[in-house]
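A look at the structure
The lines below spell out each chain.
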Amino acid sequence: MLVNSLLCIFMPYNKSSEILCLIKTVKFNKRDVSMLMRLIKKNYLLAKLYYEYLYRISSFKGKEPLVVYQAGKVGSSSVVKFLESLHLDRMVFHVHSLRPQTLRKIRTAYYGDAPGCWFKKYEPRSLHLLQSCYLYRHLNRRWGGRHRYKVVSIIREPVARNISAFFQTIDLQIPDFLERYHANLLTSEQFLQIFLESFEDHEGILVWLDEELKAMLGVDVYAAPFPKTKGYQIYHGNRADVLLIKMEMIGQCIQDAFKEFLGIENTTLPRVNVSSDKPYAKIYQDFTQSLVIPAFYLDRMYGSKYTQHFYSAEEICRFRSKWSKE
């Protein structure tokens, strides 16, 4: 029933407004919804219609969405789950980029040069890309003098973030890594070499705030000192209000931060999407415990504008000690 309904939606219409009117007439039960969510990850055109529909429904309610917007692997999934659990009657978007050039690059990696109904190079591991593509379009369409958005963004010390991001897709970089690891054919030194040479986003976390938050929302978090011991700061830009939280202190400051930003009290952050909970948990643990990061890499990461602005000398010293094993 679901597939037939979707095909009826897709085939006769080209205009998204007409398609969306038809979607509203389709009745879905719980099993249909479960199937729909699985199809969305595989079907680019269906995902496009789905998020167009959800956004318009949200707009009809007069509630602007909350946007959890930051670089990947900084602990944002916990914040998204927390916000969704509050049932705030508004959409919660979880995105890592709103830059069109970045979105095109990621889309090509997933779906090839010409996304079609079913064609894909490999299945996305989340819906971040799909949400980003349509949030970008609608934010730029709707943002004028009277529309503002609430944005939550998280920062994390760069070495830990980069290692976590490396393990997120390690099976794509080393397709047989589990077999090689269990056969003792991969040492920590080899992992380090692959990480240093093959990981493509070493600098991403360092420039993200300028390339994304400042460029896309007009919020320059470097314009004023960050309260390093407080752990969070709220910024007010022309397009959005932004809550910036330091991941390493989120457990200590989350109650004060969300009370000040959204008027929410008694907050408890769920623990989700943690690397130690994943199938590669033991490898991740072994890797991080035995890994000795070279001084040149630590200097590069911890001497950056990003780290120096948000972290104290004491924190940086502690990070360096952890990764240098000194």
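You'll find the structure just up there.
Scope of this entry: the structure provided in the associated data block. Along each chain, residues carry numbers from 1 onward, in the same order as the chain's sequence is written. pLDDT decides what is reported in this predicted model: residues at 70 or higher carry local features, side-chain atom pairs at 80 or more are listed and counted, and totals for whole chains, interfaces and linings draw on all residues regardless. To obtain the side-chain values, all non-hydrogen atoms of the structure were included, while hydrogens and water were left out.

1. A short note on the packing of aromatic side chains
The test is simple: Geometry of aromatic contacts follows a simple scheme: Phe, Tyr and Trp rings, the Trp one being its six-membered ring, pair when their centres are within 6.5 Å, and the pair is stacked under 30 degrees between planes, edge-to-face over 60, tilted otherwise. Each helix is a run of DSSP H or I of at least 4 residues and each strand a run of E of at least 2, with the numbering of both proceeding from the N terminus. Working rule: Lys NZ or Arg CZ, within 6 Å of ring centre, within 35 degrees of ring normal, means a charge sits over the ring.
One pass over the structure, following the stated rule, counts 18 aromatic pairs. The interplanar angle of 85° and the centroid separation of 6.4 Å between the aromatic rings of Phe 166 and Phe 199 together place this pair among those described as edge-to-face. In this pair, Phe 166 sits in helix α8 (residues 158–168) while Phe 199 sits in the loop between α11 (188–198) and α12 (204–217), placing the two residues 33 residues apart along the sequence. Between Phe 166 and Phe 287, the ring centres sit 6.3 Å apart and the planes meet at 35°, which makes this aromatic pair tilted. With Phe 166 in helix α8 and Phe 287 in helix α14 (residues 281–290), this pair connects stretches of sequence that are 121 residues apart. The side chain of Lys 230 reaches across the aromatic face of Tyr 232, ending 4.5 Å from its centre. The residue whose ring lies beneath Lys 305 is Tyr 222, and the NZ or CZ to ring-centre distance is 4.1 Å.

2. As for the pattern of salt bridges
Note the following rule: Here, a salt bridge means any side-chain nitrogen of Lys or Arg that lies within 4 Å of a carboxyl oxygen of Asp or Glu. Relative accessible area decides the class of each residue, using a 1.4 Å probe on protein chains only: under 20% of the type maximum gives buried, over 50% gives exposed, and in between gives partly exposed.
With the rule as written, the count across this model stands at eight salt bridges. Close ionic contact of Lys 150 with Asp 241 constitutes a salt bridge, the shortest N to O distance being 3.7 Å. Separated by 91 residues along the polypeptide, Lys 150 in strand β3 (residues 149–155) and Asp 241 in strand β5 (residues 240–246) bring together distant segments of the chain. Residue classification places Asp 241 among the buried positions, given a relative accessible area of 11%. Across the pair Glu 203 and Arg 300 runs a salt bridge, and its minimum N-O distance is 2.5 Å. Remark: Arg 300 occurs in helix α15 (residues 295–302) and Glu 203 occurs in the loop between α11 and α12; sequence separation between them is 97 residues.

3. Focus: the packing of α8 against α15
Condition: Angular values range over 0 to 180 degrees, each being the angle between N-to-C directions of two axes fitted as lines to C-alpha atoms, with helices fitted over their stretch in contact. Orientation labels follow simple angle bins: below 35 degrees gives roughly parallel, above 145 gives roughly antiparallel, 65 to 115 gives roughly perpendicular, and whatever is left gives oblique. When checking whether two residues touch, look at their non-hydrogen atoms; a contact exists if any pair is within 4.5 Å. In this count, Pro and Cys sit with the nonpolar residues alongside Ala, Val, Leu, Ile, Met, Phe, Trp and Tyr, while Asp, Glu, Lys and Arg are called charged and the others, Gly among them, polar.
Orientation of α8 relative to α15, taken along the N-to-C sense of each, is 110°, at an axis distance of 9 Å. In this view, α8 runs roughly perpendicular relative to α15, as classed from their interaxial angle. Contacts from Pro 158, Val 159 and Asn 162 of α8 reach α15 at Tyr 297, Leu 298, Met 301 and Tyr 302. Of the residues that constitute the contact of α8 with α15, the class distribution is six nonpolar, one polar and no charged.

4. Comments concerning the pairing of strand β2 (residues 92–95)
Applicable threshold: Two strands are counted as paired when DSSP detects at least two bridges linking them. The crossover handedness rule: strands pointing away from the viewer, path from first strand over the helix to second strand clockwise, crossover right-handed.
Residues Val 92 and His 94 line one face of β2 and the alternating positions Phe 93 and Val 95 line the opposite face, and both faces are buried. As judged from the four bridges shared by strand β1 (residues 66–69) and β2, these two strands associate in the parallel manner. Bridged to Tyr 69 within β2 is Val 95. This β-α-β element, β1 to helix α5 (residues 76–85) to β2, shows right-handed connectivity.

5. A word on the sheet that holds β1
Spatially, β2-β1-β3-β5-β4 is the arrangement adopted by the five strands of the open sheet, whose pairing is mixed. The open sheet has two edge strands, β2 and β4 (232–236), and neither has a second partner. This sheet shows a mean twist of 20° between the axes of neighbouring strands, independent of strand direction. With respect to the sheet, α5 is in contact with β1, β2 and β3, its orientation differing from that of β2 by roughly 170°. Against the sheet, α12 contacts β1, β3 and β5, and its axis sits at roughly 155° relative to β1.

6. Quick notes on the side chain of Ser 97
Rules: Here a polar contact means two N or O atoms within 3.5 Å. Within protein one must be a hydrogen donor candidate and the other an acceptor candidate, and residues neighboring in sequence count only if both atoms are side-chain atoms.
The topology assignment puts Ser 97 in the loop between β2 and α6 (100–111). A residue is classified by how much of its surface remains accessible, and Ser 97, at 5% relative accessible area, is buried. At 3.2 Å, the side chain of Ser 97 and the backbone nitrogen of Arg 99 are in polar contact.

7. Details of the packing of α11 against α14
Running from N to C, α11 and α14 cross one another at 90°; their axes reach a closest spacing of 10 Å. Regarding the angle of α11 to α14, the classification is roughly perpendicular. Together, Ser 188, Phe 191 and Leu 192 of α11 and Ile 283, Phe 287 and Ser 290 of α14 make up the contact between the two elements. Its residues placed into classes, the contact of α11 with α14 shows four nonpolar, two polar and no charged.

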